[in-house]
Amino acid sequence: MQLHQRGASIRWKLGFHIQQMNDKHNPIDTSTYVSLLHACMQNKALKEGKSIHAHMNKTGFTRDIILSNTLVNMYVKCGSLVDARRFFDQLTQRNVCSWTIMISAYARHGFPQEALTLFHQMQKTGLQPNHFTFASVLPACASLASLEQGMEIHQQINRSGFQSNAFVISALVDMYAKCRSIDKARELFDKMHKRDSVLWNAMIAGYLRNDRVYEAHSLFMQMPERNTASWNAIVSGFAQNGLVEEAYKLFQKMPQRDVFSWTAMISGFAQNGLVDKALELFNQMPQRTLVSWNAMIAGYAQNGLVGSALELFRKMPQKDVFSWTAMISGFAQHGLVDKALNLFNEMPQRTVVSWNAMVTGFMQNGHSQKALKLFREMELAGERPDSKTFTIILPACANLTALEQGMDIHEKIVRSGFQSDVIVVNALIDMYGKCGSIQKARELFDSMHQRDIVSWTTIIGGYALHGFGKEALELFKQMEQSGMHPNSITLVCVLFACSHAGLVDDGFYYFNCMREHYHITPSVEHYSCMVDLLGRIGHLDEAHDFIKKMPIKPDVAVWSCLLSACRMHNNIELGEHVAECILELDSKNSAPYILLSNIYAAAERWDEIEKIRKLMKDKEVNRTPGCSWIEINKEVHSFCIGDKSDPEIPPINVNLSSLSWEINVVGHVAEICAE
């Protein structure tokens, strides 16, 4: 039965055959059902597929294991994992193929924990995985960056006798590479005597993913036969690592190009700021697909040419979810959040990628509350968060110190199976640390089977934030003993820990070690920590001299650390000088005016405060209103100075007045502040 055609005609033909199925004089056999279901798969015809399923129920064909597996596969290929799983759970008879279809579906659609759970359930029934099962479940380990589970499955593969199967080895190489164990991937690759193009490409892609570009190129040059996928991988890898000229030379040498070759080069030019060259190549394309249109739109947006991106978006002959998402991201990245939200609301169809883009847009522009609200809307809409969603939304909880909501999201992460994902756990540690639950952050850190530099930096930063300097330094020593090397951010956290705990000698030791021992050149962030360290202990002149001797120009942040110290120690003369230095760099910055006002207020120099207020008014310097928030029943309520929009403001003010009176009664004297 020839049904594998595109367009509306296929649906009409499917409908015709479905009507024929009800003809008693024209009985349907297994092969006809299989052919019809395959036609549904190829054309994403879910509605017609469900009609065929209903007819199979009437005729009793759902008891046929081959047809049952084909039906599960049809639901998967038509994008309905819910229907696939529902029918799978109803099956009274399942073979390895049945389980493998579902495992593969979950792994490919972003539900790695479900894939692993089914993999273990299958073995409990007594069925043993075949090479397709192993190759299907390994991507789930890669998605979770779970090296431990991947290694356990590797041991099973060896026991099952599939250690020489090229299909399985390719999946293992890919898993090890994605779990940052690239040397283990290469070891497996070298052991294989017969290597197909899939294995070569997996190893090359692994090197590129781990930023080992020249090793990838060396391997590429050794390939006995290179296919278009190999060329595309190396061109894309060079471009993504900033080697765009080398990428273009390789692109020009390609014996044959497909649409992905062109798109990879267009994206490479755009990612490296060469938008004109990207457009030139886009216009030369012999054939364009949605992927190439989307790449060009994203290129414009990434380089701040949002107007050009929108113009191209409007010209598109057709749009998909990624087209809309590229525009939403473009608007949001350049501060046009309202336009991004309007476009998001106009979307005819949304996926987790588009929801993530809009949540990211809110976060990029400092709207943590709106991000949390949209996350709740996403769940209500029935869209399941993926690992990226959780890493985006957890910083919103951290920013608002919304611990209850953070804990609620943590529970969702466990239920979704992402509790082994290193990036997600890092975000959880950061959230707990910033929400005041450093003990919970430490418990999570200690439970990690695999840690990267971000894991160590985050927990060190958490201890530093809470003033536990010695504990932070102890963790730093443990990190070094584990063989992990610090990066620039790690050392910022170490110096921050020293400044907040008054560990002057330790602070100078680590700062002086940066160049020689860690091979890291201090940045303004490191200098700011040192100024803060000296300022907190009252060594203001020493801090000032330190700034004057800096080999790089001090920025507003460096001077602000010293001005804060001047306020803390009531040093008016130096405070005035530092404020002038800040205003030379940023005349519209309200912080130095306010800090200097507070220094004057502590000295009761009210005339000087009036002069500053007048100066701010004359120079049109606007103050950002003070804002605070509180979390009640997993909902964040924010309050800004002068904002009376909240209906609870009157009773809140009454309670505040009562509390102020009680504070005065017990003899508390408030700090004088000009803010």
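Remember, predicted model here, so these are calculated numbers, not experimental data.

A. The overall build of the protein chain, seen in detail. Check the secondary structure of the protein chain and you find 38 helices and two strands. Taking all 675 residues of the protein chain together, 48% fall into the buried category. Within the protein chain, counting contacts between residues at least 6 apart in sequence, those at least 24 apart form 59% of the total. Carbon and sulfur atoms make up 51% of the accessible area of the protein chain, which amounts to about 34,300 Å² in all.

B. Just the pattern of salt bridges, in detail. All told, the structure shown has 20 salt bridges when counted by the stated rule. With its nearest N and O atoms 3.2 Å apart, the salt bridge here joins D174 to K178. A residue pair is termed a helical-turn pair when its members lie 3 or 4 positions apart in one helix, as D174 and K178 do in helix α10 (residues 166-178) at four residues. Looking at D174, the relative accessible area reads 18%, which means it is buried. Taking relative accessible area as the criterion, K178 reaches 35% and is therefore assigned partly exposed. Taking the shortest distance from any N to any O, the salt bridge between D183 and R212 comes out at 3.3 Å. You can see D183 sitting in helix α11 (residues 182-191) and its partner R212 sitting in the loop between α12 (197-209) and α13 (213-222), a full 29 residues away along the chain. By relative accessible area, which is 24% here, R212 ends up partly exposed. Overlapping salt bridges, with partners in common, bring together K50, D83 and R86 in one network.

C. Quick peek at the environment of G150. By secondary structure assignment, the location of G150 is in helix α9 (residues 147-160). Each C-alpha atom, one on G150 and one on M175, is 7.1 Å from the other, the two residues being 25 residues apart in sequence. Among all residues touching G150, those that are not within four sequence positions of it are L138, C141 and M175.

D. The packing of aromatic side chains, seen in detail. Under the definition given, this model contains 24 aromatic pairs. Measuring from ring centre to ring centre gives 4.9 Å for F445 and W456, while their planes differ by 75°; the resulting arrangement is edge-to-face. Of this pair, F445 sits in helix α27 (residues 438-447) while W456 sits in helix α28 (residues 453-465), placing them eleven residues apart in sequence. Each member of the pair F445 and W456 is classed as buried. Ring-pair connections join several aromatic residues into one group, and the members of that group are Y248, F251, W262 and F269. One Lys or Arg, R94, reaches over the ring of F88 and ends 4.4 Å from the middle of that ring. One cation-aromatic arrangement involves R350 over W355; the distance from NZ or CZ to the ring centre is 5.2 Å.

E. The arrangement of helix α3 (residues 46-59) in detail. The end-to-end C-alpha distance of α3, which contains 14 residues, comes to 20 Å, matching closely the 20 Å that a straight helix rising 1.5 Å per residue would cover. What α3 keeps buried is the set E48, G49, I52, H53, H55 and M56. Buried positions in α3, seen along its axis, are confined to an arc of 165° and lie on one side of it. Those residues of α3 that are exposed and angled more than 90 degrees off the buried face are K47 and K58.

F. Molecular detail of a nonpolar patch on the surface. A cluster of nonpolar side chains, L656, L659 and I663, forms an exposed patch at the surface whose accessible area comes to about 250 Å². Here L656 shows up in helix α38 (residues 649-665).

G. Main features of the packing of α9 against α10. At a closest axis distance of 10 Å, the pairing of α9 and α10 adopts a crossing angle of 160°. As far as their axial angle goes, α10 and α9 are roughly antiparallel. Here α9 runs over α10; the crossing is left-handed. In contact with L147, G150, M151, H154 and I157 of α9, α10 contributes V168, L172, M175 and Y176. Residue composition of the contact of α9 with α10, grouped by class: seven nonpolar, two polar and no charged.

H. Representation of unusual backbone geometry in the model. Within the chain, D211 stands out as a residue other than glycine whose phi angle is a positive 60°. By the secondary structure assignment, D211 is in the loop between α12 and α13. Relative accessible area serves as the criterion here: at 54%, D211 is assigned to the exposed category. Despite not being glycine, N570 has its phi angle at roughly 55°, a positive value.

I. Up close: the confidence of the model for the protein chain. Looking at the protein chain as a whole, the pLDDT averages 86, with 90% of positions reaching at least 70. Every residue in residues 1-9 scores below 50 in pLDDT, and together they form 20 contacts with partners more than four places removed in sequence or on other chains.

J. Looking closely at the environment of R226. Within the fold, R226 resides in the loop between α13 and α14 (228-240). Only 2.9 Å separates the side chain of R226 from the backbone oxygen of F220, close enough to count as a polar contact. From its side chain, R226 meets the backbone oxygen of M221 in a polar contact 3.2 Å long.

K. Local environment of the side chain of S437. Of note, S437 is situated in the loop between α26 (422-434) and α27. Using a relative accessible area of 19% as the deciding quantity, one classes S437 as buried. Discounting chain neighbours no more than four positions away, the residues touching S437 are L403 and Y432.

The rules behind these values
Residues numbered from 1 in each chain as written. Predicted model: local features only at pLDDT ≥ 70, side-chain atom pairs only at ≥ 80, totals over all residues. Heavy atoms only, no water. Helix = DSSP H or I, 4+ residues; strand = E, 2+ residues; numbered from the N terminus. Buried < 20%, exposed > 50% of the residue type's maximum accessible area, 1.4 Å probe, protein only. Contact = heavy atoms within 4.5 Å. Areas by Shrake-Rupley, 256 points an atom, 1.4 Å probe, with all protein chains shown as cover. Salt bridge = Lys/Arg side-chain N within 4 Å of Asp/Glu carboxyl O. Phe/Tyr/Trp six-rings, centres within 6.5 Å; stacked < 30°, edge-to-face > 60°. Lys NZ or Arg CZ within 6 Å of the ring centre and 35° of its normal. Expected span 1.5 Å × (residues − 1). Arc of directions from axis to C-beta. Patch = residues over 30% accessible without salt bridge, like charges linked within 9 Å, V, L, I, M, F, W, Y side chains within 5 Å. Axes fitted to C-alpha atoms, helices over the stretch in contact; angles between N-to-C directions. Parallel < 35°, antiparallel > 145°, perpendicular 65-115°, else oblique. Left-handed = near helix turned anticlockwise from the far one by under 90°. Nonpolar A, V, L, I, M, F, W, Y, C, P; charged D, E, K, R; others polar. pLDDT = per-residue confidence, 0-100. Polar contact = N/O pair within 3.5 Å; in protein donor to acceptor, adjacent residues only side chain to side chain.

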